[in-house]
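Chain by chain, the residues:
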Amino acid sequence: MIQLITGFHAIEERIRRAVEKQNVSGMTVYVSKTGPRVKKILELAKKNSVRCVNSQNRELDDMVRTLPPAAQDHRGIVLSVEGEREEAENKTDFDIWIASQKKSEEAATVIILDSVTDPHNTGAILRSCDQFGVSLAVMPVRNSANDFQDNEIIARSSAGASAYVPVSVVTNLVRSVQQLKDAGFWIYGADAGGKSLENVKFPPKTAIIMGSEGTGIARLLEEQCDEIVSIPTCGRIDSLNVSVAAGVLLYERYRQTV
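Residues numbered from 1 in each chain as written. Predicted model: local features only at pLDDT ≥ 70, side-chain atom pairs only at ≥ 80, totals over all residues. Heavy atoms only, no water.

1. A closer look at the packing of aromatic side chains
Here's step 1: According to the stated counting rule, one finds four aromatic pairs in the structure shown.
Here's step 2: Consider the rings of F132 and Y251, whose centres lie 5.8 Å apart with planes at 65 degrees: the pair is edge-to-face. Within this pair, whereas F132 is found in the loop between α5 (119-131) and β6 (136-140), its partner Y251 is found in helix α9 (residues 242-257), the two being separated by 119 residues in sequence.
Here's step 3: Judged by relative accessible area, F132 falls into the partly exposed class, the value being 22%.
Here's step 4: For Y251, a relative accessible area of 42% translates into the label partly exposed.
Here's step 5: An angle of 40 degrees between the planes, with centres 5.9 Å apart, marks the rings of F132 and Y254 as tilted. Taken together, the residues F132 in the loop between α5 and β6 and Y254 in helix α9 connect sequence positions 122 residues apart.
Here's step 6: Members of the aromatic cluster, joined through ring pairs, are F132, Y251 and Y254. (Phe/Tyr/Trp six-rings, centres within 6.5 Å; stacked < 30°, edge-to-face > 60°. Helix = DSSP H or I, 4+ residues; strand = E, 2+ residues; numbered from the N terminus. Buried < 20%, exposed > 50% of the residue type's maximum accessible area, 1.4 Å probe, protein only.)

The structure is reproduced here in structure tokens:
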């Protein structure tokens with residue numbers, strides 16, 4: 001099995017993870033252009049005995065032809081990883097995690113992605129999760145971009161954070177939210193017409209639900225919310241992109257905890 005990875009952040013983080021595990025065998029960096037970011041990756045690769053091959057740009061074009069369109073923009077560097085699929089260390093069993101929370105009084109932040117199917121949005125949200133200390137990201141098995149381990153777009157959009165943020169993929173979001181409530185979490189749904197974010201004081205245990213851009217939060221999930229929260233804006237369009245909105249909400253949550 002060969003996995004091809006593009007994107008400066010995603011390549012660098014994948015090499016760093018392999019170095020930490022002392023397992024860089026099967027890795028090859030193909031490069032056709034040089035620049036500050038490429039040079040930095042090459043220095044990391046060569047320092048840790050990762051094979052580097054000078055290539056033509058058209059050769060890299062051929063290599064990535066089967067990747068999703070967004071991942072085909074290799075920008076002169078492609079990482080090839082040969083061997084068994086890497087087991088994601090950040091994949092988290094939700095039932096085990098929630099059991100630990102019932103015994104804990106420490107603050108925790110959970111973000112729940114309801115029908116967020118665009119991998120670009122999922123990746124960008126995971127990047128915000130990493131930056132603002134989210135304890136767990138939860139997404140459903142169905143109708144979501146949850147293949148954060150193998151999806152090149154998620155890896156690239158998250159700038160490598162998809163390898164670190166704890167993620168649980170569950171079969172029933174409503175049931176998971178009920179379990180969060182039983183463990184002492186307050187549930188906030190992000191939607192228009194709710195309480196303005198500037199007037200919200202998040203409790204120590206906070207869970208935030210982000211709905212799809214098309215239909216918002218599902219009715220059954222919305223019924224589980226303790227409060228609906230809205231981001232005050234002044235633009236002419238009616239809403240923020242879901243990943244941008246998630247970043248704003250997570251920043252405010254983080255700001256209140258530091």
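2. Points about the nonpolar core
Here's step 1: I111, L113, I125, C129, M210 and L249 are the most contacted members of the largest nonpolar core, which has 25 residues in total.
Here's step 2: Mapped onto this core, the elements with two or more residues apiece are β5 (108-113), α5, β6, β8 (186-196), β9 (205-210) and α9.
Here's step 3: Per element, the largest residue contribution to this core is five residues, and it comes from α9.
Here's step 4: Among the nonpolar cores identified, the runner-up in size contains 21 residues, and W97, L136, L173 and F185 belong to it. (Core = buried A, V, L, I, M, F, W, Y, C linked by side-chain atoms within 4.5 Å.)

3. Some remarks on the side chain of N121
Here's step 1: Relative to the helices and strands, N121 is located in helix α5.
Here's step 2: Beyond its immediate sequence surroundings of up to four residues, N121 is in contact with V116, E213, N241, V242 and S243. (Contact = heavy atoms within 4.5 Å.)

4. Considering the pattern of salt bridges
Here's step 1: Counted under the stated rule, the structure contains eight salt bridges.
Here's step 2: Linking R255 and E252 is a salt bridge whose minimum nitrogen-to-oxygen distance equals 2.7 Å. Of this pair, R255 and E252 both sit in helix α9, three residues apart, roughly one helical turn.
Here's step 3: Of the residues examined, R255 reaches a relative accessible area of 42% and is grouped as partly exposed.
Here's step 4: Connected via shared salt-bridge partners are E12, R16, R37 and K40. (Salt bridge = Lys/Arg side-chain N within 4 Å of Asp/Glu carboxyl O.)

5. Looking at the packing of α5 against α9
Here's step 1: Running from amino to carboxyl end, α5 crosses α9 at an angle of 10 degrees, the nearest separation of the two axes being 8 Å. As summarised for this structure, α5 and α9 are arranged roughly parallel, according to the angle between their axes. Mapping the contact onto sequence places N121, A124, I125, S128 and C129 in α5 and V242, S243, A246, G247 and L250 in α9.
Here's step 2: Each residue belonging to the contact of α5 with α9 can be placed in one class, and the counts come to six nonpolar, four polar and no charged. (Axes fitted to C-alpha atoms, helices over the stretch in contact; angles between N-to-C directions. Parallel < 35°, antiparallel > 145°, perpendicular 65-115°, else oblique. Nonpolar A, V, L, I, M, F, W, Y, C, P; charged D, E, K, R; others polar.)

6. Remarks on a nonpolar patch on the surface
Here's step 1: Together, L240, V244 and V248 make up an exposed nonpolar region whose accessible area comes to about 200 Å².
Here's step 2: Structurally, V244 can be placed in helix α9.
Here's step 3: V244 sits in the partly exposed class, given a relative accessible area of 43%. (Patch = residues over 30% accessible without salt bridge, like charges linked within 9 Å, V, L, I, M, F, W, Y side chains within 5 Å. Areas by Shrake-Rupley, 256 points an atom, 1.4 Å probe, with all protein chains shown as cover.)

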